[in-house]
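Residues per chain, in single letters:
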Amino acid sequence: MLSPSSVGRLLRRLHALRSRDPVPEELRGWSWWSPPLRPRAHLGLGVSEAAIRWCPSRRDLYLRRVRGLEPPPSNGMLRGRVVHEAFRRSAVDVARLHVLGREPPGIVAELVADAEEAARGIAEEAGAPGLEDLAARAYTRFVFLWSGWVEETGQPPWYTEYAIDGSLLGLSPRLRVNALGVGIVVEVKLGGWRDDYPAALAGYALALEASHEIPVDYGLVLLVSGDASRVEAHPVYLGADERIAFIEARDEAIEMFLSGQDPGTPSECSRGCPFARLCSPTAPARGGSEAAGEAVA
Ligand code: SF4
């Protein structure tokens, strides 16, 4: 699935989309100094924070950034952290053995034999004790995928947790995209597809274009099933629509922070929202007379 031939097949239909609908210059990241890319304020937003509407009214952002509340991580968040750490660690481990001259079958044999130990480290790093089984499955799955990549290309895995300075676009100077392939930004997501994933990929592409001045037209979402037994790749063309969706979401977030206005609750909340216990108009802000945890008990 991560071999050049399979990635190439996935991207092929994007070439046609790009030639029919090329990215306008004003929507390239290097046009950060002019509208619509120029931000109204530089608040150091994360890409997910700006692009992903975990809460339909975005009250989660208001609670975190304006009221200073931070809920404990939900089970879903912990599982996501485990999968991301397994993705990163497996890439590093495969690259290390590749550099030492091991062949892919030997890399797989060695790393899979040590998967339980790796899983303990992954769960600890993710702050998710008790999720070692998920960590071991995800780690093993990614070891096979990366080894397949090495087998076909003779190259090490993609850069993982690649750092990007997003400050020219009002984003964080320390953004991290899950992986960077040749001209492709890659995000790993646990669970099903969300329609705001393409906007998030466009956010990373814009930040890369702003800081590196190189075009990034394609994205790839690696969807990991809940038990980490399957990984599906979803290619995304980062055209005008995806870029505009990101910029609009960023601007909406900036407006909310600058106004300090409570956006209110939506007609329906997201299932498993980690803010559920804090999302009360009377929950005090951090630094108030009561700790947030006490206020919602
Ligand atoms: S509990 Fe509901 S309103 Fe509050 S942040 Fe979560 S989804 Fe939004």
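Residues numbered from 1 in each chain as written. Predicted model: local features only at pLDDT ≥ 70, side-chain atom pairs only at ≥ 80, totals over all residues. Heavy atoms only, no water.

Q: Is there a simple way to think about the overall build of the protein chain in this case?
A: Within the protein chain one finds ten helices and five strands. Taking 297 residues into account, the globule formula puts the C-alpha radius of gyration at 19 Å, and the protein chain, at 20 Å, falls close to it. Taken along its principal axes, the extent of the C-alpha atoms in the protein chain is 60 × 50 × 30 Å. Here the protein chain, with 297 residues, has 48% of them falling under the buried criterion. Considering only contacts in the protein chain between residues 6 or more positions apart, those separated by 24 or more positions represent 71%. Of the roughly 14,200 Å² that the protein chain leaves accessible, carbon and sulfur atoms contribute 52%. (Helix = DSSP H or I, 4+ residues; strand = E, 2+ residues; numbered from the N terminus. Rg over C-alpha atoms; globule rule 2.2 N^0.38 Å. Buried < 20%, exposed > 50% of the residue type's maximum accessible area, 1.4 Å probe, protein only. Contact = heavy atoms within 4.5 Å. Areas by Shrake-Rupley, 256 points an atom, 1.4 Å probe, with all protein chains shown as cover.)

Q: Hey, could you run me through the confidence of the model for the protein chain in this one?
A: Caution applies to low-pLDDT parts of the model: their predicted coordinates are not meant to be read in detail. On average, residues of the protein chain score 91 in pLDDT, and 93% of them reach the 70 mark or higher. Mean pLDDT values over the elements of the protein chain span from 27, in helix α10 (residues 292–296), up to 98, in helix α6 (residues 115–125). Below pLDDT 50 for its whole length, residues 287–297 participates in eight contacts with residues either more than four positions away or in separate chains. (pLDDT = per-residue confidence, 0-100.)

Q: Looking at this model, I keep getting lost on the site of the ligand. Mind explaining?
A: What surrounds the ligand is the set Cys 55, Asp 60, Thr 265, Pro 266, Cys 269, Ser 270, Cys 273, Phe 275, Ala 276 and Cys 279. Per-class residue counts for the shell around the ligand are seven nonpolar, two polar and one charged. (Near = heavy atom within 4 Å. Nonpolar A, V, L, I, M, F, W, Y, C, P; charged D, E, K, R; others polar.)

Q: It is not clear to me how the side chain of Lys 189 should be interpreted in this structure. Could you clarify?
A: By the element assignment, Lys 189 lies in strand β3 (residues 184–190). Looking at Lys 189, the relative accessible area reads 10%, which means it is buried. With near-sequence residues (within four places) excluded, Lys 189 lies in contact with Ser 48, Tyr 197, Val 221, Leu 222, Leu 223 and Val 224.

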